Every structure is written in structure tokens, then in C-alpha cells.
There are 2 protein chains.
Amino acid sequence: MLAWAYLSRVIEGPSRALQSLLDAGWTARDIAAGVRTRDPAVGGLIKETAARHRQCHPEADLEAAAAVGARLIHPGHPDWPAAELDSAFGFAARQAGGRADAVAPHALWVRGGSPAGLCAQAVALVGTRAISRYGAEVTGSLARGMAGHRWTVVSGGALGVDAVAHNAALDAGGSTVVVAACGIDVDYPRRHARLFDRVAENGAVVTEYPPGATPHRHRFLTRNRLVAALSLGTVVTEAAWRSGALNTLSWAEHLGRVCMAVPGPVTTAGSVGCHERIRTRAAELVTSADDVRALVGPAGTPDSAGQYELDFGPDPVQRLDRNQLRVFDALEPGTGRRAGEIAATAGLPLPLTVHLLVDLMRAGLVRLEGELWHRGQLP
Amino acid sequence: MLAWAYLSRVIEGPSRALQSLLDAGWTARDIAAGVRTRDPAVGGLIKETAARHRQCHPEADLEAAAAVGARLIHPGHPDWPAAELDSAFGFAARQAGGRADAVAPHALWVRGGSPAGLCAQAVALVGTRAISRYGAEVTGSLARGMAGHRWTVVSGGALGVDAVAHNAALDAGGSTVVVAACGIDVDYPRRHARLFDRVAENGAVVTEYPPGATPHRHRFLTRNRLVAALSLGTVVTEAAWRSGALNTLSWAEHLGRVCMAVPGPVTTAGSVGCHERIRTRAAELVTSADDVRALVGPAGTPDSAGQYELDFGPDPVQRLDRNQLRVFDALEPGTGRRAGEIAATAGLPLPLTVHLLVDLMRAGLVRLEGELWHRGQLP
């Protein structure tokens with residue numbers, strides 16, 4: 001554990017050099033010893049750790065983590081989200097021209113539950129810090145809808161969309177995961193300290209950075225790959241032209257995850273980023289948690305399509321085709337007409353008219369009384 | 001002309017039987033005579049006109065039209081929009097499983113300018129009658145944006161989106177075309193009588209239905225094919241799940257036109273139809289007149305992409321990649337640091353750090369004074 005803590009401190013991920021050694025069967029202890037003694041066998045790590053290999057106090061880091069109720073997990077640990085990380089970074093590795101930084105974290109500091117358990121059925125909801133009322137409404141609705149179906153909501157713990165997503169999931173009695181871009185003992189943003197406490201109780205706060213690490217812009221970008229990796233899909237609920245959330249969406253694509261975006265009013269700049277990704281087919285358009293679950297859930301989940309039918313479905317007259325409508329419109333409410341008159345008004349041949357009248361009768365829209373056709377069913 | 005007026009009255013289009021005779025070189029006069037005398041040579045038209053061939057008064061129809069300042073045009077007439085109709089219905093005819101009713105109108109009643117001239121560069125803006133404040137804003141903005149670039153705005157003259165589109169185009173000093181679903185002498189909806197007068201002065205009102213024809217639901221659907229055919233593309237600006245505007249969009253697709261839809265808030269049902277078409281790739285997502293012109297305008301018009309850059313473009317720091325950001329963030333405003341210190345803070349090798357500092361200097365983000373690197377350009 002001390003070796004993992006040392007590596008977490010001395011190597012800022014993602015590190016392909018470290019990953020290669022782990023893949024080759026090196027233990028954390030051997031790698032740590034190699035870095036400390038500048039053993040050429042650890043290859044690229046010598047260079048990567050040149051500036052920091054002597055300034056490490058892994059015991060102090062583990063103590064600092066323990067002081068806030070956090071622990072360190074690593075590959076092989078039962079809480080390690082191996083399936084999620086393997087599938088995501090394995091996918092990236094199989095892509096031609098993959099990103100050099102598409103590498104799994106080597107260790108994770110965790111406050112709260114097991115990332116392995118929490119992320120088995122998880123979706124990321126991300127977006128702008130400059131959230132609008134609309135963005136808050138949409139994000140809250142999606143988070144509640146996912147949490148209500150036992151999906152873990154993953155996000156970055158930032159102001160705006162992230163905060164609404166975490167809070168809404170918690171309020172719905174669900175689980176949520178914050179992937180932080182700083183040390184596990186650093187509350188950033190500071191005003192989210194209470195939120196992070198709540199998350200730790202009903203989910204987890206995780207980070208690949210050692211205790212005390214301050215949030216830096218590059219760490220936000222690196223962190224975004226974990227938000228994408230730890231969920232089956234990423235939804236951008238509100239994002240302007242250039243938003244960090246779009247970076248998370250790009251990671252989702254690169255890691256083989258489902259990419260989704262929610263459209264919004266075009267009269268403000270708030271959803272420009274979402275629209276751009278939908279327009280370029282880089283993201284699926286989603287409008288509800290039902291839509292999201294239909295895309296990321298077990299294949300064939302028939303959640304989505306039926307929803308609209310229920311709420312905004314057509315009435316029987318709207319289902320009619322053009323010729324049926326011609327005939328239907330040739331009947332006036334309250335007045336019976338003979339088929340010949342109806343045909344003349346509709347401008348259709350009599351046999352076709354009769355055929356269509358029978359269609360309408362089957363649909364319950366007209367009835368025949370004697371020789372007269374009427375609108376409506378038999379009383 | 002009397003023959004065309006007779007055919008317009010006696011045959012309610014679209015009529016494939018009539019189109020076949022015209023394609024075979026029959027004149028309107030010969031066809032009219034054939035219908036009147038029940039000559040078997042006119043084939044299917046005998047059946048189509050069974051109910052009405054004796055009730056026609058073409059002179060009266062032409063007079064009724066003239067009384068409202070309208071005229072009848074037909075294939076071969078200089079105002080006939082031959083290029084538009086030929087390309088649209090020609091496209092449909094080449095499709096396997098084409099619609100039987102994808103047939104050009106045989107004649108058009110026109111009040112105002114020349115459809116041939118007006119529709120040479122035209123786009124259709126259509127949508128719900130139950131327009132929202134948002135839909136009105138979007139529709140008005142698109143109509144003004146198209147009219148301002150000398151595009152004719154085509155729509156159906158209905159309440160809601162159609163009315164906003166026509167009015168906004170006129171207010172912007174542009175041209176607009178109403179394709180009506182009733183006789184040229186019938187103002188429907190009645191409260192649009194003044195709008196139609198304005199349109200006739202700065203565009204045209206057109207219909208394939210003879211004078212006095214009342215608006216019927218099947219005529220709205222048939223009319224929609226002309227809205228789509230007389231424009232290079234159709235934009236649905238606001239449409240709920242089941243909206244006639246979506247029928248126009250389907251026609252646009254069937255006629256080989258560009259299909260577009262504007263997204264909107266997902267928190268109301270107003271844009272559900274638009275989202276559905278975008279989601280299923282049946283329509284391109286557009287958010288502005290620039291977007292529309294980029295899709296329907298001459299190939300390579302570079303309108304769209306640049307627009308956002310201008311309004312919401314990234315600043316130079318946002319353009320940095322991850323490692324550049326690590327280095328940039330390792331410099332604090334107002335304080336100079338040596339490259340070695342920067343490398344240690346950034347956790348990057350010194351040579352790479354120097355390389356990245358030079359990148360940043362070229363981008364005007366840092367400067368070197370003596371041995372110290374500073375944020376910002378030389379004063």
C-alpha cells in the first residue's frame with residue numbers, strides 16, 4: 001500500500017510508462033523501488049519522476065487520506081472498478097491513432113463506497129458551470145430519472161450542472177460519484193464541502209491525485225477521462241461553444257462509451273455545444289432519462305419510444321391517410337349522407353369511397369344507418 | 001386557358017392520370033374535350049371526374065379569380081415554376097416505392113408575382129399553429145435572416161409559425177409565398193386576409209384549388225407537397241409530436257429537398273417533433289439562418305461555421321493542450337520562475353517543459369526575461 005501511495009505521489013497520471021510495467025507483471029513495490037533507486041529498468045519513469053522522486057512521504061499521504069475517511073485502492077483491490085476501466089481503456093487501445101493519454105489511473109483515492117459496485121450501472125451527467133434555469137431543470141430531471149432506476153450518476157463535482165446532477169441524484173435517494181481533480185482531502189470548490197460529505201455517504205468521491213494536490217486546469221481535463229470511463233455513457237445537459245463538458249464527451253467517444261447531448265433553446269448560447277455535437281452526429285439527441293436508459297441500458301429496453309405516444313399521441317382522425325380524410329371531411333357532423341354524395345364531394349370514385357368508408361367505420365369514426373353514413377359511432 | 005380552368009375544377013390533384021396524358025403530349029384542350037365527352041382515350045380521368053365533369057363553369061372560375069386580382073398559370077406559362085416542380089417530382093419519380101401522389105400540380109392560381117421568379121431561391125419555414133413565444137422568436141429570426149439574404153420564404157399561410165414566417169419576411173423587406181389549401185378567392189384563415197394582400201404585393205399567394213374551394217384537411221396535406229416542392233429546403237421551426245409541419249418535412253425528403261429542424265427546450269412538448277426528426281437523422285439540426293443558408297445555398301458557402309467562433313470563440317488559453325496547460329498553470333501571474341522550477345511544479349521533464357514554454361511564447365501567453373519565465377507578453 002505504501003508503494004501504491006508512493007507511485008500515486010511521484011507519478012502524475014496518465015502514465016503509459018507505468019502502465020507498461022504493470023502490464024508486464026511488475027508489482028507496485030518493485031516499481032517504487034526502481035524509481036527510488038533510479039534503476040534504468042523502470043525506463044521512462046526515471047524521466048517522468050525526475051523532479052519529484054525524492055519529495056515523497058507515502059505514510060503521510062495515507063494518514064492525510066485516513067484523516068478524511070479516505071483510502072487508496074489499486075488494481076487487484078476488490079473495490080477497483082476493473083471491468084469499467086478495462087473496457088474503456090481497452091477500447092481506446094484498440095483504436096488506430098489512439099490518444100497517448102488514454103491510460104487507466106494507476107491508483108484511486110476513495111472516500112465512500114466501492115467504485116466497482118457504484119459504477120457497474122452508471123451514467124455521467126456533465127455540463128457548464130454557468131448553468132441556466134433551463135439547464136438546471138433538465139439536469140435535475142435526468143439525474144432524478146436515472147437515480148430512480150438505480151443508475152449511479154457520475155460527475156465532476158463542479159459548480160453548475162455537476163452540482164445539480166449530484167444533488168438531484170441524492171435527493172431522489174440514488175447514488176452518485178464525484179470524480180475530483182484534486183486531492184481527496186481538498187474540497188474544491190470549497191462551497192461543495194457539504195455536498196462531498198453527502199456524496200461520500202451515498203456514493204463516493206474518487207480521485208487519482210494524491211492528498212493535498214491542488215486543482216489545475218490540466219487535471220480537470222485528465223479527470224474528465226475518468227468521468228467518461230466510469231460510466232456507460234456521458235450526457236451533456238447544457239454546454240456552450242467551448243465547455244469542459246464537451247471534452248468529457250470526446251473522452252466518452254474515445255473510450256467507446258455512448259455519447260449523448262440534450263438540445264435546448266437556440267435563442268441563447270447555453271446549448272450551442274450540445275447542438276454542435278448532435279449536428280455532427282458526435283452525440284445522440286436525448287430529451288429525457290427514458291431516452292438515456294434506452295441508449296445505455298440493456299439492449300432492447302423499450303423505455304423511450306412509447307413515452308411520447310402516451311403524452312402527445314395522435315387522435316384517430318390524425319392517423320387517417322389522405323384519401324380517408326377526403327372521405328371523412330365530406331361528412332358533416334350531425335348530417336347523414338349517401339355514399340354517392342360523399343364520393344362527389346370528395347372527388348373520388350364511388351367504389352373507392354365505399355371502401356374508405358368501411359375503413360373509417362372499422363376505426364370507429366363513422367357509422368352506417370340505413371343508407372346514410374354519419375360521423376361518429378353508434379350511440 | 002378555359003381548358004386549364006376546366007381541368008383545375010374537374011380534377012382535384014394530384015392526378016397521375018392527367019400527368020400521364022400531359023407527359024404524352026396531350027394539350028389541355030384535348031384532355032378537357034376528352035373528359036367532357038367521356039372519351040375512353042382519357043383513361044383513368046373518366047373515373048376520376050365521374051362526379052363532377054358536368055358541374056364546371058371555367059369562365060366563371062376565371063372571372064372569380066380575376067375579381068381578386070388572380071390569374072391561372074400552367075405548364076409552359078412563363079410564370080410556371082417548371083425548374084422547381086420538375087426537379088422535385090422528377091426526384092420522387094426516380095425513387096423506388098415512390099408515393100402515388102407525388103405528382104406536380106396541373107395548374108396554379110396565382111395572386112401576386114411570378115412563382116418561377118420567386119421560388120428560384122426559396123426556403124420553406126413551417127411549424128405548429130400553437131406557436132410558443134420561443135417558436136415565434138426562432139421563426140422570426142430565421143425568416144428575417146433568410147429574407148435579408150434575398151431568399152423567398154415559403155409557407156402555408158396558417159396561424160402560428162406560418163404567419164410569423166410570412167410577416168417577418170415581409171417586415172425585413174423580403175419576398176414570401178403562401179401556398180394555400182383553398183380557392184385563391186378564399187381567405188383562410190379569415191383573419192389573415194390583410195396578410196394575404198400584403199403577400200400578394202411582395203410575393204405571391206398560390207393554390208392548385210379552383211376558386212371557391214374550401215379548406216379541407218386532405219387539402220392541407222396535399223398542399224404541403226407544394227410547400228416542399230417550391231423551396232430548396234424545408235425547416236420545421238417548432239412542432240410537437242404530431243404536426244402537419246412534419247408532413248411537409250416528409251414531403252421535402254420524398255422530393256429530394258433539404259430537411260431541417262430547429263431544436264428547442266425539452267421541458268415543453270413544443271419541439272418534440274423537431275427533436276424526433278433530428279434524432280432519427282431525418283432532419284439536419286439548424287439553429288440560425290446562417291445554418292440554413294449553409295445547407296441550402298450554393299455549395300461551399302462558408303456562412304455557418306465561422307459564426308460561433310466569432311461570438312463564443314475560445315480564448316488562447318482555452319486552445320492549449322493538456323501539457324501546455326500544465327506548464328502555463330505552473331506560472332503564477334506576476335511572478336517569474338526558472339524553467340527547472342516550472343518543470344518540477346508541472347511534473348514534466350525539463351526539455352519538454354522548455355519546448356512547451358516556447359510554444360506558449362509563440363502564442364503570446366508567456367515571455368522570457370533573463371532566465372525567468374513570466375505570464376503575459378512583453379509590455
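Keep in mind that this is a model prediction, so the values were computed, not measured.

1. As for the overall build of chain A
Along its length, chain A carries 18 helices and eleven strands. The C-alpha radius of gyration computed for chain A amounts to 29 Å, which surpasses the reference 21 Å derived for 379 residues by more than 25%, pointing to a less compact arrangement than a globule. Each principal axis of the C-alpha distribution contributes one length, and for chain A these read about 105 × 45 × 40 Å. Buried positions account for 55% of the 379 residues belonging to chain A. Here the contacts in chain A between residues at least 6 apart in sequence split such that 71% fall between residues at least 24 apart. Surface accessibility of chain A: about 15,400 Å² in total, with carbon and sulfur atoms responsible for 52%. Here chain A contributes 38 positively and 37 negatively charged side chains, and the mean placements of these two sets differ by 5 Å.

2. Side note on the side chain of B:Arg257
All names here are of chain B. With respect to the helices and strands, arginine 257 occurs in the loop between helix H12 (244-254) and strand S8 (258-261). Notably, arginine 257 is buried but unbridged: the nearest opposite-charge side chain belongs to glutamate 84, and the N-O separation is 6.4 Å. Looking at arginine 257, its side chain comes within polar contact range of the main-chain oxygen of glutamate 84, at 3.0 Å.

3. Considering the interface of chain B and chain A
Each side of the interface is counted separately: chain B has 55 residues, and chain A has 55 residues. Here chain B packs against chain A, burying approximately 5,100 Å² in sum over the two surfaces, 59% of which is carbon and sulfur. For the pair chain B and chain A, the interface holds six salt bridges. Measuring nitrogen to oxygen at the nearest pair gives 3.6 Å for the salt bridge that ties A:Arg281 to B:Glu284. Grouping the amino acids of the side of chain B that touches chain A by side-chain chemistry returns 24 nonpolar, twelve polar and 19 charged.

4. Some points on the pairing of strand S4 (residues 152-155) of chain B
Residues and elements named next belong to chain B. A two-sided burial pattern is seen for S4, the buried positions comprising Thr152 and Val154 on one face and Val153 and Ser155 on the other. Here strand S3 (residues 122-127) pairs with S4 via three bridges, running parallel. Looking across to S4, one finds that alanine 122 is bridged to threonine 152. In terms of handedness, the path from S3 via helix H8 (residues 133-147) over to S4 forms a crossover that is right-handed. Looking at chain direction, S4 and strand S5 (residues 176-179) are connected through three bridges and run parallel.

5. Examining the state of the cysteines
Residues and elements named next belong to chain A. By the definition in use, this model includes zero disulfides over all chains. Sulfur of cysteine 259: no disulfide; nearest cysteine sulfur belongs to cysteine 274 and is 12 Å away. Of the residues examined, cysteine 274 reaches a relative accessible area of 0% and is grouped as buried.

6. Examining helix H14 (residues 289-296) of chain B
Most of H14(B) sits inside the fold, with six of its eight residues counted as buried. Every buried residue belonging to H14(B) is among B:Ala289, B:Asp290, B:Asp291, B:Val292, B:Arg293 and B:Val296, and all of these are buried.

7. Describing the packing of aromatic side chains
Residues and elements named next belong to chain A. For the structure shown, the criterion picks out two aromatic pairs over all chains. Here the aromatic rings of tyrosine 188 and phenylalanine 220 are separated by 6.0 Å at their centres, their planes lie at 45 degrees, and the arrangement is tilted. Of this pair, tyrosine 188 sits in the loop between strand S5 (176-179) and helix H10 (193-201) while phenylalanine 220 sits in helix H11 (residues 217-229), and the two are 32 residues apart along the sequence. Over the ring of tyrosine 6 we find arginine 36, and its NZ or CZ is 4.1 Å from the ring centre. Positioned above the aromatic ring of tryptophan 251 is the side chain of arginine 99, whose terminal nitrogen or guanidinium carbon lies 4.0 Å from the ring centre.

8. A closer look at the environment of B:Ser175
Residue and element names in this part refer to chain B. Along the chain, serine 175 falls in the loop between helix H9 (161-171) and S5. Owing to a relative accessible area of 26%, serine 175 belongs among the partly exposed residues under this scheme. C-alpha separation for the pair serine 175 and tryptophan 109, spaced 66 residues apart in sequence, amounts to 18 Å. For serine 175, the contacting residues outside a window of four places in its chain are Leu118, Trp151, Thr152, Val153, Ala169 and Asn202.

9. Quick look at the sheet that holds strand S2 (residues 108-112) of chain B
All names here are of chain B. One open sheet holds the nine strands; their spatial order is S1-S2-S6-S5-S4-S3-S7-S8-S9, and the pairing between them is mixed. Strands at the two margins of the open sheet, each flanked by one partner only, are strand S1 (71-73) and strand S9 (284-285). The sheet contacts of H9 involve S3, S4, S5 and strand S7 (233-238), and relative to S3 the element is tilted by about 140 degrees. Of the strands in this sheet, S2, S5 and strand S6 (203-207) touch helix H10 (residues 193-201), which is tilted by about 115 degrees from S6.

10. Notes on helix H17 (residues 339-346) of chain A
Residues and elements named next belong to chain A. For H17, the complete set of buried residues consists of Ala339, Ile342, Ala343 and Ala346. Summarising the axial view, the buried residues of H17 lie within an arc of 100 degrees, below the 170-degree limit, and thus occupy one face. Here the buried face of H17 lies against helix H16 (322-329), helix H18 (350-362) and strand S11 (372-375). Positive backbone phi, at 70 degrees, marks glycine 347, one or two positions downstream of H17.

11. Regarding the sheet that holds strand S4 (residues 152-155) of chain A
All names here are of chain A. Pairing in this open sheet of nine strands is mixed, and the strands run S1-S2-S6-S5-S4-S3-S7-S8-S9 from one edge to the other. Edge positions in the sheet fall to strand S1 (71-73) and strand S9 (284-285), since each has one partner strand and no second. Taken strand by strand, helix H8 (residues 133-147) contacts strand S3 (122-127), S4 and strand S7 (233-238), and its axis lies near 150 degrees from that of S7.

Rules used in this analysis
Residues numbered from 1 in each chain as written. Chains lettered and ligands numbered in written order. Predicted model: local features only at pLDDT ≥ 70, side-chain atom pairs only at ≥ 80, totals over all residues. Heavy atoms only, no water. Helix = DSSP H or I, 4+ residues; strand = E, 2+ residues; numbered from the N terminus. Rg over C-alpha atoms; globule rule 2.2 N^0.38 Å. Buried < 20%, exposed > 50% of the residue type's maximum accessible area, 1.4 Å probe, protein only. Contact = heavy atoms within 4.5 Å. Areas by Shrake-Rupley, 256 points an atom, 1.4 Å probe, with all protein chains shown as cover. Lys, Arg positive; Asp, Glu negative; His and termini not counted. Charge placed at Lys NZ, Arg CZ, Asp CG, Glu CD. Salt bridge = Lys/Arg side-chain N within 4 Å of Asp/Glu carboxyl O. Polar contact = N/O pair within 3.5 Å; in protein donor to acceptor, adjacent residues only side chain to side chain. Buried area = accessible area lost by both parts, 1.4 Å probe. Nonpolar A, V, L, I, M, F, W, Y, C, P; charged D, E, K, R; others polar. Pairing = 2+ DSSP bridges. Right-handed = clockwise from strand over helix to strand, strands pointing away. Disulfide = S-S within 2.5 Å. Phe/Tyr/Trp six-rings, centres within 6.5 Å; stacked < 30°, edge-to-face > 60°. Lys NZ or Arg CZ within 6 Å of the ring centre and 35° of its normal. Axes fitted to C-alpha atoms, helices over the stretch in contact; angles between N-to-C directions. Arc of directions from axis to C-beta.

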